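Residue-level listing of the chains:
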Amino acid sequence: MSLLSVEDLTVHFHSRNGITKAVRNLSFVLDYGETLAIVGESGSGKSVASYSLLDLIPKPPGKIEAGKAIFNGSDLLTLETLDLQKIRGNEIAIIFQDPMSSLNPYLTIGEQLIEPIVYHKKKSRREAKGLALSMLTEVGLNGPDNKFNCFPHELSGGMQQRAMIAMALITKPKLLICDEPTTALDVTTQTQIIRLIQKIQKKYKIAVVFISHDLGVVAGIADKIIVMKDGEAVESGITNDIFYNPKTQYTKKLLSSIPRGEKREKNYTSKKVLLEVNNLVKYYPVNQDTFSWQTFKLFSAKNTEKRYVKAVDDVSFDIKRGEIFGVVGESGCGKSSLGKTILQLTSLDEGQIYFSDKNLVNLPLSEKISMRKHMQMIFQDPYSSLNPRMTVFDTLAEPLLYHSLATSTNIQKHVLSLIDDIGLPRISAKKYPHEFSGGQRQRIAIGRAIATKPEFIIADEPVSALDVTVQAQILELILNLTEKHNMTMMFISHDLSVVRYLADRIAVMQHGKIVELNTTSEIFSSASEKYTKELLGAIPLADPKEEKKRQNTIMSDR
Amino acid sequence: MFYFALRRLIQSVPVLIIVITATFFLVRAAPGGPFSAEKNVPPEVVKALEAQYKLDQPIWQQYTSYINDLIHGQFGPSFRYPGRTVNELIEAGLPVTAELALYAMLLAVFFGVSSGVYAGLRPNSIHDYLPMSLSMIGICVPSFLMGPLMVLFFGIYMEWLPISGWGNTPGDKILPTITLGLGYAAFISRLSRGGILEVMSKDYIRTARAKGLPARVIVFKHALRGGLIPVVAFLGPAFAGLLSGSFVVETIFQIPGLGRFYVQAAFNRDYTMILGTTIFFSTLIIVFNLLSDIVSVWLDPKLRDQYRHNK
Amino acid sequence: MVEVHKYEEKLSYKPKDLGGSLWSDGWIRLKKNKLAIASLFILGFLCITAVLTPIIAPYGYEEQNLLLGAVPPSSDHWLGTDVFGRDMLTRIMYGSRISLAVGFIASGVALCIGVLWGALSGYSGGRIDAFMMRIVDILYALPFMIFIILLMVIFGRNLLLLFLAIGAVEWLTMARIVRGQVLTIKQQDFIEAATSLGLSHWTIIRRHIIPNTLSPVIVYATLTVPSVMLLEAFLSFLGLGIQPPQSSWGLLISYGVETMEEYPWLIFFPGLFLSITLFSLNFLGDGLRDALDPRASKD
C-alpha cells in the first residue's frame, strides 16, 4: 500500500474578481521512502496543492472543491481539525522557502525545536531538549548547545534552513514536504542542503515531496516528477523519462529554457577598451540596517573597532567594446556594489574608473550628466524598478526628453518604436506597471535602459526574479538588443549557467575580490581557483545521469 | 541592553532641561503675574516670593537657584494660597491621581487587548465588526462628553453609582475610571486587532500551524509576542494622555487630584503652582516614555542585539 | 493571471506595488465603501452649512430671549434654547465654524510643516536626516498638552495661538510618517534608475518621490483632523481654549455640563454633532486607507 494517494485534488480561490482555479484534478501516488518532485512556474499550483493536504491554505478565499488524499488509511481532506493537528508536524512535516520569515523571531531556536516533541510525543521539556540537541548535530549545526539558545536572526540563511529541517524531522515523520527550500539560498549552500535532505531521507526512510520551479535542481534527487502548469499536471513520470523523453510541449519548453552550453557564436569585438577599472575600493559603513551574517562574522573575526565592510576590495579589470563581461558570485560578494559604483550610483572610496578614456570621478557636472546617456542599468527586481505612478509612455519618454534626444513633436514616434523593440503591444503605452507581469515589466525596464542608445549597459541579475520560461525570453531579448545596437554589457549574476550562455569573459567574485578572471571556455574547462571549482560543482545539472555520477564522486571523495 | 537603557536615559536629560527652562522663562514672561511689575498681591506672599525667588537678583541667578531648589525637591510656595507650598499640594493630590490613572490604565489594557485580540482572530465576522464598532464609539465620544452622559444616566437617572468624590462613598471610583479609561481601551483594542491581524498572516505562524501545535499555543505563545508590540509602544504616550485626561475627569467628578489642582491653578493664574506641577508632570511623562521605549526594544531580540553591538 | 500569481507565490499577503493603486482605481474602491461615502456626504453637508451659517442661521448669534429661558426642542427652536434663551441650533452652527476651522486649518499647518520636514529629512539621508529626526524625537518627548495649557494660560486665549500651538503638536507625527515613506521609496530601484538617467535631485523629488508619498499623507491628514478637533474641544471644555463671545462645540459642551440635569439637551446636541463629525472623519480616513492601499491591514 502506498503512503500517500491523492486523487483529483481540486482547489479554488474565490475573490471579488472571480474564481481562480489554483489546482485542477491533481492525482499522484507516493510510496514509503520515495521522492516526488513537483515542478512548475509561479501560478502552477504546486505549493497550493501541497499546502492543502495539511489544510494550510487561507480558507476564505480558498476552498477544497473536490478530491481525496489518503494518508495511512484516512482522508486528510476530510479529517477533523484535531485529528489533522496530530498528523501535522508529527507524521507529515513541511519546510518552507524562506527560513528567516518562517521561524518565529521572538523565540529561540531551541524553543521552537522542542515544540513538536512536547506536543506530539508528550515528552518532558528536558527529554525534548536532549533530542533536539542530537538533531541539531545531525543536521550539521556545530555547537548545538549554543545554537539551541540562539535567536533565528543570529544564524545565516543556510543554518536557519538546517534548523528548520531539524524541526521538521525531530518527530521522525513519514513524509516531508519541501517547498522550494533552497530558492532563497546561495548555490553552494543549496547543494549542501539538498545533500542533507537526501542523507536524512535515506537514514530514516522518509518520503519526500520536493517542490521547485527549477527542473535542474530536482534532476539528482527525484524518483518521480510531476510537471504542473496552471493548476494541472501536464506530465508525470519517472525522472529519466521526463528528462530524456519529454512528451508534452510544455515540458520540452521547460527543459530548453535551462541555459546550457556555451555562448552562441558572435562575430567579434574590437580590442579597444571601453571601461577600465583600477583598484576600486568601496566601503560600506555597518549601521543598524546592514546587520547581516556577513558583517557579524567580520565583527567577531577582527577587532570590533572596524565599522566598515569592504564590499569592493581592490578590484581591477577592463571591458572591451562589444563584449559581454560576466560577473559571478554569491550573495554578499560585492558584485552589485561593483555595478553601482561603476555607474556612479554610489561614490567610490579608492581607485579610478575610466570610461572611453575619461576619468568618471573627476568629470565636471555637465559632462557627467551627458555621460549618463552612455551608461545605463537594468535592475533585478521588476516590481521595484518602475515608478508605479508613471505610465509606460512616461517612463520610456523621460530619458529621451531629458537628454534632448527627442522633442515633444516626435516623442510619440520614438516611444512607440521603442515599445516595438522590446516586444510589447503598442497599447501598453497607456498602462501602468501594476497591470503587467514580472517578465513584461522587465521588458519595460530594458526599454528604458536602451532608450538613449547607451554604449554600455550593466545588467544586475535581470532575470533572477523571473520564471524559467520567461527568463529564456528575456535573455534572448537582451542578446538581440545588444547586438542590434552594438552595446557593451556587464552581466552580473549568481547563476553560472546563465552567465555561461551569454558572456565572453567571466570574473568570479568572493568577499569583494575578483578571485578568477578568464574567458568563458577557460573557466568551464580548466578553472584554477578552489572557489571557482566549488561554484562549478554546485551548478545543478539538468541531467539525472550526470547528477548521479557527480553524487557518487562526492560520496567516494569522503 | 544596559548600555542602551543608559544611553536613552542620558538622552532624556536634555529634554528635561528644555522643559524646565522653557517653563521657567515662559512663566516669567507672563503678563500680570507675580514676576511682573504689577503687584496686586498680598504682602505676605510678596515677601515669601521675594525670599524664595530672590527677585532682586539677575535672572540667571534666579534660574540657577530655582534649579538648585528643584534638585532638593522644593517647588516653592503657592501663589494663591498663602502659607502653603506647592510641595504640599502635590503630595495631597498625587496619590489620588496616581490611583485613578492606574485603574484606568489597567481597564484600558485589559479590555482593550482582550477585545482586540478576540476580534483579530475572527476577522470580518460579527465578532470583529461588533467590538470594532463599539471601539469607534469609544474613540469618537471624548471623555468630557462620555463622562457627563454617564453621570446623567448612571448617577442621576438610575441612581446606581455615586458621581463625585474619590474614596468617600463605595463605588465612587467606578465611573471616573471608566470615563478615563474607555477611550484608551478603544484605541488599544484597535491597535491589538491590527497587530494580531498582521502577525497571523506572517510565515512563522504558518510554520506553527504546520507543526500541528494547538490553537491556544499558536495564539498565546507565537502570535501575541509580536502582535502586541504596537500596544507596548503605545503605553508611553497613553500614560501621558491619561495624565492630561485626568484634568477633565477630575473636574467632572470633583475628584481632589493633581489634575484638578492643575486646572484650577491654570484658571487662578497660580503661577508657582503651574510652574511646579508642569515640571512634575513632565518629568513623569518623560520617565514613562523612557520605560516604554526600553521595554519595546527589550521585547524584540533583533533590536536587542543591534543595540548590544552598536553601543 | 496576476491574481493566481499573488496566491501562488506567497500564501501570506505581501504587497508588491508601492503605495497602492492609482487615483481612479482608488476612487472606485472608495465608492464601494458605503460608510466612507456616507461620511463624505455628512462632512460635505456640515462644511457647507458652516460656511453659509451667517446667511442661513435661523436666529442671530447673540440673540437672547431672557423671558423664554431654556426650553427643550420645539418647532420654533429645533434644538431648544439655552439659559439665556439663545437658539441652540444657531449656536451649534456658529460653533461648527470654529471647530471645523480649527480642525482643518491646524491640520493644514501640521501637514505643510510635517510633509516638508519629513520629505527633506528622508531624501537627504545621512547626517541631515539624523539631525532633523533627533529634533523631532526631542519635541515628541515634550509633554505638549501641558505646554499648550501653559501657553494658553500665559498669553491668553488667542485663536491664532491656538491654531499654531495645535499645529505644532501634530506636525511631528506627520513628519515621521512622510520620512518613513520617503525612505521606503528611496530604496526602490526606480529611484536609482532615475539617478542613473542623470535626473537632478529636485526632478527626482518632484516626479518620482512625491507622487508616491501622497496616499499615506492623504490618509493621515484625514485622520489628523478629528484628533485636532478633539484637542480643541478638550481645551475649550476646560476653559482654556476658545473664549466667548466665540464658541466651539467644546465650549458648548462645557456649558451644557453645568446644567445637564435640568436641561440635558444643552449637552446632548453639541455632543451629538461633535461625535458625528468625528465618526465621519474617522470612517472616511479608514475608507481612504483601504481604498488607496487595500492591502494594509485594518488599523
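Cut-offs used in this document
- Residues numbered from 1 in each chain as written.
- Chains lettered and ligands numbered in written order.
- Predicted model: local features only at pLDDT ≥ 70, side-chain atom pairs only at ≥ 80, totals over all residues.
- Domains from an automatic or database assignment.
- Nonpolar A, V, L, I, M, F, W, Y, C, P; charged D, E, K, R; others polar.
- Contact = placed C-beta atoms within 7 Å.
- Helix = DSSP H or I, 4+ residues; strand = E, 2+ residues; numbered from the N terminus.
- Pairing = 2+ DSSP bridges.
- Axes fitted to C-alpha atoms, helices over the stretch in contact; angles between N-to-C directions.
- Parallel < 35°, antiparallel > 145°, perpendicular 65-115°, else oblique.
- Left-handed = near helix turned anticlockwise from the far one by under 90°.

1. Concerning the domain arrangement of chain B
The accessible area lost on association of the parts is a frequent measure of interface size.
Right, so step 1: By the assigned domains, chain B splits into domain 1 (13-30 + 37-71) and domain 2 (86-310).
Right, so step 2: Residues belonging to the side of domain 1 of chain B that touches domain 2 of chain B are distributed by class as follows: 7 nonpolar, 1 polar and no charged.

2. Observations concerning the interface of chain B and chain C
Right, so step 1: Taken residue by residue, the interface counts 44 residues in chain B and 34 residues in chain C.
Right, so step 2: Mapped onto the side of chain B that touches chain C, the elements with two or more residues apiece are α1 (2-29), α5 (126-140), α6 (143-157), α7 (174-200), α8 (203-210), α10 (229-252), α11 (258-268) and α12 (271-299) of chain B.
Right, so step 3: The residue makeup of the side of chain B that touches chain C, split by class, is 29 nonpolar, 8 polar and 7 charged.

3. Points about the sheet that holds strand β18 (residues 488-493) of chain A
Residue and element names in this part refer to chain A.
Right, so step 1: Reading across the sheet, the 6 strands line up as β16-β17-β18-β13-β19-β20 and stay open at both edges, with mixed pairing between neighbours. Lying at the two open borders of the sheet, with one neighbouring strand each, are β16 (375-378) and β20 (513-519). Pairwise comparison of adjacent strand axes, ignoring direction, gives a mean angle of 15° for this sheet.
Right, so step 2: With 4 bridges joining them, strand β13 (residues 324-328) and strand β19 (residues 505-510) adopt parallel strand pairing. The partner of G326 across the bridge, within β19, is I506.

4. Quick word on the pairing of strand β10 (residues 232-238) of chain A
The side chains of a regular strand alternate between both faces of the sheet.
All names here are of chain A.
Right, so step 1: Summarising the sheet, strand β9 (residues 224-229) and β10 pair through 6 bridges and their orientation is antiparallel. Pairing of K224 across the sheet is with I238, part of β10.
Right, so step 2: Connecting β9 to the next strand, β10, in antiparallel fashion are 2 residues, including D230 with a positive phi near 50°.

5. Side note on the sheet that holds β9 of chain A
Residues and elements named next belong to chain A.
Right, so step 1: One open sheet accounts for 6 strands, arranged β6-β7-β8-β3-β9-β10; its pairing is mixed. In this open sheet, the two strands that pair with only one neighbour each are β6 (92-95) and β10. Here the average twist between neighbouring strands, direction ignored, is 15°.
Right, so step 2: Of the strand pairs in this sheet, strand β7 (residues 175-179) and strand β8 (residues 207-212) are connected by 5 bridges, and their pairing is parallel. Along β8, the bridge assignment pairs D179 with I211.

6. Section: the packing of helix α11 (residues 249-257) of chain A against helix α18 (residues 468-484) of chain A
In a pair of packed helices, the angle between the axes and the distance between the axes together describe the arrangement.
Residues and elements named next belong to chain A.
Right, so step 1: Direction vectors running N to C along α11 and α18 enclose 55°, while the axes themselves pass 8 Å from each other. In terms of axis orientation, α11 runs oblique to α18. When the axes of α11 and α18 are compared, the crossing they make is left-handed. Contacts between α11 and α18 involve K253, L254 and S257 from the former and V468, T469, Q471 and A472 from the latter.
Right, so step 2: A breakdown of the residues in the contact of α11 with α18 according to their chemical character gives 3 nonpolar, 3 polar and 1 charged.

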